[in-house]
Amino acid sequence: MSCVLVMLTFCGSQQQTQPGGESTTSGSATILCDSSVYDFMKPTFAKFDSSYPQAKITVQAHSARSAMELFLAGKARGIVIARGYLPDEEALMKQFGVAKHAEHVFATDALVFFTSPQSAIDTLNASQIQQALVEDGSLARTFGFKVEPTIALPAPTSSEYATVLRYIAQGKSIKRKQLKIFSSTSAVKQSVIDNPQTIGVGFLSSLATDKRFKLIKIGFQDTSGFYTYPRTVHQANIVMGKYPYPITIKGLLFEDIRNLPWGVMTFLRNDKAVMEYYLNAGIVPDNARFNLKPADNEAEQ
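Structure report, in brief. (Residues numbered from 1 in each chain as written. Predicted model: local features only at pLDDT ≥ 70, side-chain atom pairs only at ≥ 80, totals over all residues. Heavy atoms only, no water.)

**A few points about the overall build of the chain**
And step 1. Within the chain, the regular secondary structure consists of ten helices and 15 strands.
And step 2. For 301 residues, the compact-globule estimate of 2.2 N^0.38 gives 19 Å, and the C-alpha radius of gyration of the chain, at 20 Å, lies within 12% of that figure.
And step 3. Considering the chain as a whole, with its 301 residues, one finds that 50% of them fall into the buried category.
And step 4. Within the chain, counting contacts between residues at least 6 apart in sequence, those at least 24 apart form 78% of the total. (Helix = DSSP H or I, 4+ residues; strand = E, 2+ residues; numbered from the N terminus. Rg over C-alpha atoms; globule rule 2.2 N^0.38 Å. Buried < 20%, exposed > 50% of the residue type's maximum accessible area, 1.4 Å probe, protein only. Contact = heavy atoms within 4.5 Å.)

Below you can see the structure in the form of structure tokens.
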């Protein structure tokens, strides 16, 4: 049996302080947002705006790489991003004695592989994906195709690409010949629509409710050697550790004080309506309790 996810409770509250002329719910601030999750997060920024009209938040969308560069340079007091620090970013922070920033995790998302519903590809395992990307291994032989499927990825400056490097390349180069790089998630989606044999790479938050695509089930071997059979790409399986590529959408603060950027990040983590938005979009709100209920649509393996 599989499980469905039901959010039970909401914890946390929005606190207000008055450092200088600014509070956690008033004043003005610029927040940078990773373009990989910008469209997904826009309704949550709008919810904050409508809840606190005394606050003026300017949200700027940039690639994850550009957003982090601007943030580390002090060009904004907060950043919403779907990846951690890259090695060169950590090295730069260490060189200049910069401590890791205060972090607010909003939700657990996931890196997913997707195709057209008409594609014969519905299941892969993590080793096949790694071989296809790192060793240019054949997927055509696996599925009996005459033509090798193209894998479509967002740009190297994106969080999706960084997550592929983290989980799949693991320090090696991506060598797949049948690889296309696109400027955005929407462009990757269009590529899959235009060519049903293309395998797209994106985040679950932008795909879980998009019925134009089929999410590929992925089997994997964990660090203890236990093999998890491919399961439906679903938030319940992410909670249970039965999906190999979870990521977090989080906020980082340039200053660890209770100012307006802190108020925004706290709101995006704690607000009940925002958490329900994450849940309904198919990802896992971080600051909530869940009840896993049996479902009949998938046999337990």
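There's more to say after this.
**Some words on the pairing of strand 4 (residues 78-81)**
And step 1. Neither face of strand 4 is open: one carries Gly-78 and Val-80, the other Ile-79 and Ile-81, and all of them are buried.
And step 2. Examined bridge by bridge, strand 4 and strand 13 (residues 246-253) share four bridges and lie antiparallel to one another. Each residue of the ladder has a partner; that of Ile-81, found in strand 13, is Lys-250. (Pairing = 2+ DSSP bridges.)

**Examining the nonpolar core**
And step 1. Counting residues in each nonpolar core, the largest one holds 70 residues, and the members touching the most others are Met-41, Val-80, Phe-113, Tyr-245 and Ile-249.
And step 2. Element by element, the count of residues in this core is highest for strand 5 (residues 102-115), at eight residues.
And step 3. Residue contacts for Ile-249: discarding those within four places in its chain leaves Val-37, Phe-40, Met-41, Val-80, Ile-81, Ala-82, His-104, Val-105, Phe-106, Ala-107, Asp-109 and Ile-283.
And step 4. Core analysis: the next-biggest nonpolar cluster, separate from the first, contains eleven residues, Leu-32, Met-68, Ala-76 and Met-93 among them. (Core = buried A, V, L, I, M, F, W, Y, C linked by side-chain atoms within 4.5 Å.)

**Some remarks on a nonpolar patch on the surface**
And step 1. Judged by side-chain polarity, Leu-92, Phe-96 and Val-98 come together as a nonpolar surface patch covering roughly 290 Å² of accessible area.
And step 2. Relative to the helices and strands, Phe-96 resides in the loop between helix 3 (87-95) and strand 5.
And step 3. Taking the relative accessible area as the measure of exposure, Phe-96 reaches 59% and is therefore exposed. (Patch = residues over 30% accessible without salt bridge, like charges linked within 9 Å, V, L, I, M, F, W, Y side chains within 5 Å. Areas by Shrake-Rupley, 256 points an atom, 1.4 Å probe, with all protein chains shown as cover. Salt bridge = Lys/Arg side-chain N within 4 Å of Asp/Glu carboxyl O.)

**Here's the deal with the packing of aromatic side chains**
And step 1. Counting across every chain of the model gives 13 aromatic pairs.
And step 2. Look at Tyr-167 and Tyr-245: their rings are 5.6 Å apart centre to centre, the planes differ by 50°, and that puts the pair in the tilted class. Here the residue Tyr-167 occupies a position in helix 6 (residues 159-169), and Tyr-245 occupies one in the loop between helix 8 (235-239) and strand 13, the gap between them amounting to 78 residues. Each member of the pair Tyr-167 and Tyr-245 is classed as buried.
And step 3. Feature note: the residues Phe-113, Tyr-167, Tyr-243 and Tyr-245 constitute an aromatic cluster, connected by ring pairs. (Phe/Tyr/Trp six-rings, centres within 6.5 Å; stacked < 30°, edge-to-face > 60°.)

**Some remarks on helix 7 (residues 185-194)**
And step 1. Among all positions in helix 7, only Thr-185, Val-188, Lys-189, Ser-191 and Val-192 are buried. Buried residues of helix 7, viewed axially, fall in a sector of 155°; they line one side. Of the exposed residues in helix 7, the ones pointing more than 90 degrees away from its buried face are Ser-186 and Asp-194.
And step 2. Buried-residue contacts for helix 7 involve strand 5, strand 7 (151-154), helix 6, strand 8 (179-182) and strand 9 (199-203). (Arc of directions from axis to C-beta.)

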